[in-house]
Amino acid sequence: MSKKEPLAQIETILPEEALELITEHVALNRPRSNNLVARYAEAMRTRAWKVNGETIVIDINGNVIDGQHRLAACVESEVPLTTFVVRGV
């Protein structure tokens, strides 16, 4: 059986999906910075947030290993997040 390669693509993550990812599928991450989340959320609310090459990284078990602040900002702003997502790392 061959091993699946990670899949990278642009996705739009709804706030409800982001909430599920950060509450049920969080791997070991650094502590969350509320100030950073607030800054990102404001950018998302004002539509200043743009796809910038940064990725949300999800491991083979479905756990978020990078991107918790952006996902939390999506939830806080109640604005869908369009970004690169790499799954299966």
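What counts and how
The residue numbering used here restarts from 1 in each chain and proceeds along that chain's sequence as written. Confidence filtering applies because this is a predicted model: local features only for residues at pLDDT of at least 70, side-chain atom pairs given and counted only at 80 or more, and all residues used for totals across whole chains, interfaces and linings. Hydrogen atoms and water are omitted, and side-chain values are computed over all heavy atoms in the structure. Only the stretch in contact is used when fitting a helix axis, every axis being a line fitted to C-alpha atoms; angles between N-to-C directions are given from 0 to 180 degrees. To qualify as a helix, a DSSP run of H or I must reach at least 4 residues; to qualify as a strand, a run of E must reach at least 2; elements of each kind are numbered from the N terminus. Each angle is binned into one of four classes, with values under 35 degrees roughly parallel, values over 145 roughly antiparallel, values of 65 to 115 roughly perpendicular, and all other values oblique. Each crossing is labelled by how the near helix is turned from the far one, with a counterclockwise turn of less than a right angle marking it left-handed and a clockwise turn marking it right-handed. Contact between two residues is taken to exist if any of their heavy atoms lie within 4.5 Å; hydrogens are not considered. Residues are grouped as follows: Ala, Val, Leu, Ile, Met, Phe, Trp, Tyr, Cys and Pro are nonpolar; Asp, Glu, Lys and Arg are charged; all remaining types, including Gly, are polar. Type-normalised accessible area, obtained with a 1.4 Å probe on protein chains alone, sets the label of each residue: buried when under 20%, exposed when over 50%, and partly exposed for intermediate values.

Student: Tell me about the packing of helix α1 (residues 15–24) against helix α3 (residues 68–77), and please be specific about residues and values.
Tutor: Orientation of α1 relative to α3, taken along the N-to-C sense of each, is 135°, at an axis distance of 8 Å. It follows that α1 is oblique to α3 by the angle criterion. For the crossing formed where α1 meets α3, the hand is left-handed. Each of Pro15, Ala18, Leu19, Leu21 and Ile22 in α1 lies in contact with α3, whose residues at this interface are Gln68, Leu71, Ala72, Cys74 and Val75. In terms of residue class, the contact of α1 with α3 is built from 9 nonpolar, 1 polar and no charged.

Student: Report on the side chain of Thr83, specifying residues and quantitative values.
Tutor: Within the element layout of this structure, Thr83 appears in strand β4 (residues 81–87). According to the relative accessible area criterion, Thr83 is buried, its value standing at 5%. Contact partners of Thr83, with chain neighbours within four places excluded, come to Gln9, Ile10, Glu11, Ile13, Val51, Glu54 and Ile56.

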